[in-house]
Amino acid sequence: MKGLLVKDFRLLTVNREFIILTLILGVGMLIFASGRQLFPLMFVMFVAAIVGAGTINDDEADNGNAFLFTMPFSVREYVAEKYLFCFMLSFGAMVIMAVGAAAAVLLGKGDRVSGLGITYVLSLVAAVLMQAWTIPVNLRFGGRKSNIANAVIFFVVFAAITLILNLFTPGIGPVFETVSAMGLKVIAAAGFVAAALIYAASIAVSLRIMAKKEF
Amino acid sequence: MSEYLLKADRLKKNYGGFTLDCSLEVPKGRITGIVGRNGAGKTTLFKAALGLIKADGGSVRILGKDPLRLTAEDKAKTGVALSDSGFNGFLKVRDVKRILKGFYAGFDEAYFDEQAEKMQLPVNKNIKEFSTGMKAKLKVLAAVTHGAELLIMDEPTAGLDVVARNELLEMLNEYMEKDENRAVVISSHISGDLEGLCDDIYMIDEGRIVLHEDTDVLMDSYAVLKVDEEQFKGLDKSHILRVKREPFGYSCLTGEKNFYTENCPGIVVERGGIDSVMTLMIKGEEI
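This is a predicted model, so every value here is computed, not measured. (Residues numbered from 1 in each chain as written. Chains lettered and ligands numbered in written order. Predicted model: local features only at pLDDT ≥ 70, side-chain atom pairs only at ≥ 80, totals over all residues. Heavy atoms only, no water.)

I'd love a proper account of the sheet that holds strand β1 (residues 4–15) of chain B, names of residues and values included.
All names here are of chain B. A sheet is described by the order of its strands in space; here three strands give the open sequence β2-β1-β4, paired in antiparallel fashion. Taken across any chain shown, the strands that pair with only one partner, and hence form the sheet edges, are β2 (18–27) and β4 (57–62). Strand-to-strand, the axes of this sheet are offset by a mean angle of 15°, without reference to chain direction. Across five bridges, the pairing between β1 and β4 is antiparallel. If you follow Lys-7 over to β4, its bridge partner there is Arg-61. (Pairing = 2+ DSSP bridges. Helix = DSSP H or I, 4+ residues; strand = E, 2+ residues; numbered from the N terminus. Axes fitted to C-alpha atoms, helices over the stretch in contact; angles between N-to-C directions.)

Here you go:
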């Protein structure tokens, strides 16, 4: 796995201008848009997730996977490394933004500090969930096709949610009331469990995709 | 482990109209060549042997194991250069060195540096900006620098000039000289590369092995007899492998050159060579 991580971090330098620009924009928004931490945070972490999953396309470029998969690692290690690498990027982005937020506070431009911790943790969970989507889609469809697949999947999911909400409108109110009555901690715990299950399902799907692949 | 580092037995793979169906053995201590036209099945054979594609039938063992069950430690014992695949073009030689160091415990950094300098590979230039020769050299260098037991080289000399080809072949010879238990299997459509390098040669066409012979035997015992109609009628055909109609009469491939030089003094007997043997094995007809 070490070799795979070295490869992906070396490939990351190809996009260094884009990454630096994203971080400058993110930290800039933190400093100059006091009180609006969530948007710049999500922006930077989502970009990190997309860049991380993009290394799957880098591996596939010019039929590179054929040679890559002759190297000493298994399909399981490859999949695990992609999830780890993407998580490291999002976590790194979160840390950089936290440092940026602290700098903003010191400069007198920042928002209140209390309550920011949960915002950062939730943003990391959201970024991880995005990776749970982008990694299997990129593995399955590759570079150009994955963009189309993402759009189609997003449309189908959005349409399904809209349809369900429309069909069950009378029943939604009581559901929300029941959920609200559970309290924030229970909702947060349920959310984390749901996110963990989605993440695990994503890894299982990615392993299945890669097990069927030929190079 | 078996004495064969690579062994395929009736290995089958179907791709639409193409079917690979071949057997091959690569023993320790030998350089085995595979020669065939483009699309003959050389790359498919290698990919099946490496577990990059799944075989549809037969069996293949690499380092004594099913390629789909190779561990990372097993894979570290192979060095591979593929004709249609390599490192990402945005990487540089210095990146490749770090990646190889991360993958292989036995990576010889000093040898890599020494050879990269000898081959004049630019360390800080993107691989996509390399010439064909530079890319080929880097592929072979990456394969030979971690002490692999088996090298699988798919068309490593394709598109190279004579000097670059000789440098690569010299590197493969050096690799073999370091350990007698190593083996190399190399494919090429440039017969000269294989004649000077390989201990034995497989000829493959349309997914099938049409001939397997020791290189010495191929060079010494195979010959092409050039005969006119009359000579052909009177020719002892018991040692003729293939016959091809020509404007002057017939070209006849034999694996018993001495038989015809001694018993048929009037006919033209030309040295075989891989190209002419290959051509007659493919284009010629069996008697």
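Read on, since the account is not over.
Lay out a nonpolar patch on the surface with the relevant residues and their values.
Residues and elements named next belong to chain A. On the surface, a cluster of nonpolar side chains totalling about 360 Å² of accessible area is made up of Val-175, Val-179, Met-182, Val-186 and Ile-187. Looking at the nonpolar patch, the elements with two or more residues in it are α7 (169–181) and α8 (184–212). Mapped onto the secondary structure, Val-175 falls in helix α7. The exposure class of Val-175 is partly exposed, given its relative accessible area of 47%. (Patch = residues over 30% accessible without salt bridge, like charges linked within 9 Å, V, L, I, M, F, W, Y side chains within 5 Å. Areas by Shrake-Rupley, 256 points an atom, 1.4 Å probe, with all protein chains shown as cover. Salt bridge = Lys/Arg side-chain N within 4 Å of Asp/Glu carboxyl O. Buried < 20%, exposed > 50% of the residue type's maximum accessible area, 1.4 Å probe, protein only.)

Give a description of the nonpolar core that names residues and reports values.
In terms of nonpolar packing, the biggest core is built from 106 residues, with B:Leu150 and B:Ile186 touching the most fellow members. Counting residues domain by domain, this core receives three or more from each of domain 1 (4–216) and domain 2 (222–283) of chain B. Excluding anything up to four places from it in sequence, B:Leu150 contacts B:Leu5, B:Leu6, B:Val26, B:Ile62, B:Leu63, B:Lys77, B:Thr78, B:Gly79, B:Tyr175, B:Ala183 and B:Val185. If you look at the next biggest cluster of nonpolar residues, it comprises 18 residues, including A:Met94, A:Met97, A:Ala101 and A:Leu124. (Core = buried A, V, L, I, M, F, W, Y, C linked by side-chain atoms within 4.5 Å. Domains from an automatic or database assignment. Contact = heavy atoms within 4.5 Å.)

Would you mind going over the packing of aromatic side chains in detail, with residue names and values included?
Scanning all chains against the criterion turns up 14 aromatic pairs over all chains. Plain terms: the ring middles of A:Phe67 and B:Phe87 are 4.9 Å apart, the flat faces sit at 75° to each other, and that makes the pair edge-to-face. One end of the pair, A:Phe67, is in helix α4 (residues 64–68); the other, B:Phe87, is in the loop between β5 (78–81) and α3 (93–103), on a second chain. A single burial state applies to A:Phe67 and to B:Phe87, both of which are buried. (Phe/Tyr/Trp six-rings, centres within 6.5 Å; stacked < 30°, edge-to-face > 60°.)

Can you explain the domain arrangement of chain B? Please cite residues and give values.
All names here are of chain B. Taken domain by domain, chain B comprises domain 1 (4–216) and domain 2 (222–283). Averaged C-alpha coordinates put domain 1 and domain 2 at centres separated by 34 Å. Taken together, the contacts link 13 residues of domain 1 with ten residues of domain 2. In total, domain 1 and domain 2 occlude about 970 Å² of area from one another, counting both sides; carbon and sulfur atoms represent 71% of this. Summed over the shared surface of domain 1 and domain 2, the number is one salt bridge. With a shortest N-O distance of 4.0 Å, Glu-195 and Arg-271 are connected by a salt bridge. Counting across the domain 1 and domain 2 interface gives three residue pairs in polar contact (both at pLDDT 80 or more). Among the secondary structure elements, those contributing two or more residues to the side of domain 1 that touches domain 2 are β3 (31–36), α7 (191–197), β8 (200–205) and β9 (208–214). Among the elements that take part in the side of domain 1 that touches domain 2, β8 stands out by supplying four residues, more than any other. (Buried area = accessible area lost by both parts, 1.4 Å probe. Polar contact = N/O pair within 3.5 Å; in protein donor to acceptor, adjacent residues only side chain to side chain.)

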